[in-house]
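# Inside the fold
So you can see what is in the structure, the chains are spelled out below.
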Amino acid sequence: MDGFVTDDADLTDEMYENAAMHNESGAWQMIFGVNTLPAYRQHGYAGKLLQKAIADAKEQGRKGLVLTCKNRLVHYYAKFGFEDEGVTDKSTHGNVSWHQMRLTF
């Protein structure tokens, strides 16, 4: 899992390319990707990482977490409390439609 912290409320494509946008005291934990090698899928590892990221963000006093995902994963992230804000116009990398999802504390 990777990402950074920022005061910007929405995840944008620029964030993937510009690490200088990281703000250690920022309000929002952005999650850029949750990747599991094929041999380790279906074991709950991604879920454990998400639970840890959520707990850490709470402990650090963040407002919450933001991620983008493809339509087929909206239901997966919803199980962790993320709410679908719909297809975003702020992230189009890979020429794909991305749903922005937010978990607010």
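The sections below set out a description of the structure shown in this document.

Rules and cut-offs
Residues numbered from 1 in each chain as written. Predicted model: local features only at pLDDT ≥ 70, side-chain atom pairs only at ≥ 80, totals over all residues. Heavy atoms only, no water. Phe/Tyr/Trp six-rings, centres within 6.5 Å; stacked < 30°, edge-to-face > 60°. Buried < 20%, exposed > 50% of the residue type's maximum accessible area, 1.4 Å probe, protein only. 1 Å grid on protein atoms, 1.4 Å probe; cavity = no way out; pocket = protein on both sides within 12 Å on 5 of 7 lines; lining within 4 Å. Points joined across faces, edges and corners; volume = space filled by probe spheres on them. Helix = DSSP H or I, 4+ residues; strand = E, 2+ residues; numbered from the N terminus. Nonpolar A, V, L, I, M, F, W, Y, C, P; charged D, E, K, R; others polar.

Okay, the packing of aromatic side chains next. Under the counting rule described, the total for this entry stands at six aromatic pairs. Where Tyr40 meets Tyr45, the ring centres are 6.4 Å apart and the plane angle is 50°; that geometry is what we call tilted. Residue class for Tyr40 comes out partly exposed when judged on its relative accessible area of 47%. Pairwise contacts between aromatic rings join Tyr76, Tyr77, Phe80 and Phe82 into one cluster.

Now for the layout of surface pockets. As a volume, the largest pocket reaches approximately 690 Å³. If you go around the largest pocket, you meet 25 residues; those closest to its centre are Val34, Asn35, Leu73, Tyr76 and Tyr77. Looking at the lining of the largest pocket, the elements with two or more residues in it are β2 (28-33), α2 (45-59), β3 (64-69) and α3 (74-78). Split by residue class, the lining of the largest pocket holds 13 nonpolar, nine polar and three charged. A volume near 170 Å³ is recorded for the second largest pocket. In terms of residue count, the dominant contributor to the lining of the second largest pocket is α2 (five residues).

Let's shift gears to the environment of Lys48. If you trace the backbone, Lys48 turns up in helix α2. Residues Lys48 and Glu85, 37 residues apart in the sequence, show an inter-C-alpha distance of 23 Å.

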